[in-house]
Amino acid sequence: MKTLTKLAGAAALGALMAGGAMAEGLYTPNLAYRTGPFAATGIPLMNGQKDYMELMNARDGGIGGIAIDFDECETGYSTEKGVECYEKTKGKAIVTQPWSTGITLQVLPKTNVDEIPILAPGYGFSPMADGKVFQWAFNIPLSYWDGASILIKYLGSQGDLSGKKIAFLHLDHPFGKEPLPYLEAAAEAQGFELVPIPVGLKEMQNQSAQWLQIRRERPDYVIMWGWGAMNAGAITEAVKTKFPMENMLGVWWAGHDADLKIVGDAGKGYKSVSWSFPNPEAPIMADLQKYVVEPGKTLSNAEEMSGVFYSRGLVISMVLGEGIRVAQEHAGKAEISPADLRWGLENLDITEERLEELGMTGMVPPFSTSCNNHTGHSGGWILEWDGEKFVKASDLIMPDSDMIAPLEEKAAMDYAEANQPWPVNEECGG
Amino acid sequence: MLYRTAGQFKTSYKSDMALFPVRQDAVLLMVILGFAWVVFPLTASEFAFQTLLIPILIYALAAQGLNILTGYAGQLSLGTAAFMGVGAYACYKLVTLFPWMNPVVAILLSGFFSAGVGVAFGIPSLRIKGFYLAIATLAAQFFLVWLFEKWGWLYNYNASGAIQVPNLEMFGTYVAGPQASSIVQYYVVLVVVTLMTVLCINLTRGTLGRSWKATRDMDIAAELIGINLMRSKLTAFAVSSYVVGVAGALFVFMWRGAAEPNLFDIPLSFRILFIAIIGGLGSILGNYLGAILIVGLPVVLGTVPQALGLPISSAMVEHLNIMIVGALIVFFLIIEPHGLARLWALIREKLIIWPFPH
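On a predicted model such as this, the values are computed, not experimentally measured, just so you know.

(A) Spotlight on the overall build of chain B. A count of helices and strands for chain B gives 14 helices and four strands. Projected onto its principal axes, the C-alpha positions of chain B cover 70 × 60 × 45 Å. Counting over 358 residues, chain B shows a buried share of 49%.

(B) Region of the structure containing the interface of chain B and chain A. Across the contact, 43 residues belong to chain B and 45 residues belong to chain A. Of all the secondary structure elements, the ones that give two or more residues to the side of chain B that touches chain A are helix 2 (23-43), helix 3 (46-72), helix 12 (285-308) and helix 13 (314-335) of chain B. Per-element accounting of the side of chain B that touches chain A gives the leading share, eight residues, to helix 12 of chain B. For the side of chain B that touches chain A, a count of residues per class yields 22 nonpolar, 16 polar and five charged.

(C) Examining the sheet that holds strand 13 (residues 390-392) of chain A more closely. Residues and elements named next belong to chain A. Ordered in space as 6-5-7-8-9-12-13, the seven strands form an open sheet in which the pairing is mixed. Both edges of this open sheet fall to strand 6 (193-199) and strand 13, since each of them pairs with a single strand only. Averaged over neighbouring strand pairs, the angle between their axes works out to 25 degrees when direction is ignored. Of the pairings in the sheet, the one linking strand 5 (residues 165-171) to strand 6 comprises seven bridges and is parallel in character. By the bridge assignment, Ile-166 is partnered in strand 6 with Leu-194. Set on the sheet, helix 6 (residues 144-157) makes contact with strand 7 (221-225), strand 8 (248-250), strand 9 (271-274) and strand 12 (381-385); between it and strand 9 the angle comes to about 130 degrees.

(D) Focus on the nonpolar core. Counting 227 residues, the largest nonpolar core has Ile-58 and Leu-250 of chain B as the members making the most contacts within it. The element that contributes the greatest number of residues to this core is helix 3 of chain B, accounting for 18 residues. There are two domains that each give this core at least three residues, and those are domain 1 (25-142 + 279-378) and domain 2 (144-274 + 382-399) of chain A. Excluding its chain neighbours within four sequence positions, the residues that come into contact with Ile-58 of chain B are Val-189, Ala-247, Leu-250, Phe-251 and Trp-255 of chain B.

What counts and how
Residues numbered from 1 in each chain as written. Chains lettered and ligands numbered in written order. Predicted model: local features only at pLDDT ≥ 70, side-chain atom pairs only at ≥ 80, totals over all residues. Helix = DSSP H or I, 4+ residues; strand = E, 2+ residues; numbered from the N terminus. Buried ≥ 20, exposed ≤ 12 C-beta atoms within 10 Å, placed from the backbone. Contact = placed C-beta atoms within 7 Å. Nonpolar A, V, L, I, M, F, W, Y, C, P; charged D, E, K, R; others polar. Pairing = 2+ DSSP bridges. Axes fitted to C-alpha atoms, helices over the stretch in contact; angles between N-to-C directions. Core = buried A, V, L, I, M, F, W, Y, C linked by C-beta atoms within 7 Å. Domains from an automatic or database assignment.

Shown next as structure tokens:
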């Protein structure tokens, strides 16, 4: 009988949950991870996202006159929990923010069936840029291939790359392997030697073997595709082995202030590509102070709010907020459906003027999306660690789209073929 | 009262050793099966299917496979997740190499691959025992996960290094992949799990099962009375890995939809070991009870605060959840170290003699 009552109770609760009443407004759940091994990097991002939506609700009464029901579902970065959260929220949600490449991978094929847009800003699958194939997925404003391309372009501007050796230190995981196809193509085109050095998930904190290999190979540059504990591990190891920091560059997730603060001055010169930048003078920061921090609605603190990751969280919610606004204008109603939001995210036009209206000048490069461009390819800055904080070390660099576009198209078609039947939106101009 | 056995006379040895010596057991099982086959599918929501029903069945099956090896044959193994991985990757290769193959057949076939690998890694068990064997199976765990990462052919040289379940059809309906509906997947899982459970019950009650138990209880004595230890141990590894492999294929094809190599790493092995231990080693029922406690309960607990309308943040819910489930595990192990199955057996005994305890 115990089995029975337990199962029956479980089923009843499950049914309750699915049909349960939620708070009024547009339901935009976030599959957050404030617990688990990646919590340190997750919390500032989640706080930024949450605070932006709190600001919208407190200052403007929501977006387009309707409150935003911004809710978090805790995943602890576990794919299993992520799928649980997706199933739990998909009934009412107008968007899914999966927050991990593993969860994105899992949820991506389901979106055509469930018809809910996935918003994966700056992560996920690079070919998601092809909106013809991935009709419901968005990785605004830059894909990993774009990021790799910006890094290579920046290095190219520092001197000819042919004959040089670049070590690619990456997490041995779908996320870390993501830029490899682009980097291999670039190595062939520009004549540099690429040395991929994988870091297993279990070796994140202890990378002595990898750095021994780096010392032996004597690369001219190290490009790091790391996340969570791997960043701090690599940076401290680089300092220990006296690798010249100015020749080490990372993806945007490897540009976390806290990771560099551990080494402080010794980390001077370390660079990271980024599509967001904290601007303490931006009007939105003053508004946040007034409407969110002072009434005590934030979970963040002053130090965190001045960091790169918090402001990236703001930008991510801004993208979603703007998507909602555009969708509302198009649909002519405040209460939009997931399909409306998809239209909104496809027709974003974030110009300098719009950023100024939002009070976010300089926090993200301007970009626009379209039906067949689900990324926006905004371009990014190279940030440099000056010993205390990240500063901009370059002007806006645009990715090499001529080279990336065919790669994206091919990978997207391969994906669609492997997942037959997969609907392709032929209406999009190519 | 409910369990009154008065009037149920056993007149032959056979009826005394029957699977259900007490009629009420059979009735109870029928009720449970009725729920599993009819009531749940009709009433469950998408969420209940995806987070409770399907995973509980799959985890219970995996624990059942481990239980054959550890609970019945007494060979401690820490490589369960890796053998699940072998099943999953074998199934992936089968359906991509032979797209015409019936998915259920592919799932059942993939078990043979993990059985083969299991036997290969079981060979050391002929010489080493106990904790030392656990270390040897740990080698399987590390080696196989490494292989899933490095051998590109296994994942068809995908750039991401992960396997993705394609849409698979059977008799005109999708049974796997994103197009498949939850109820269809549930029934496929239920059919396979029922089949495997019947197989396991019969095996463990038969000659093979008795030779396993003899090996577990005292291998020297077993050898002296004429049990071939090599056969007994290796068949345990083979049957166990087969069941675990099938569970692995179901895990990826009927539930997850995609898998990266590190999914099959040690935490999953431990999770299944915990299910088997908390459910009860050397029992079939225990695997289901353990899976309900370890897999189902956290999901249910996680939904409680929201259903009651308590304003607790989701991170807090997660912390509370971990604490509550941990405390429950300790609690159950203190009141009954032999697991939930033994707890149920005690309750059942008490019910039979109730209301006259002496």
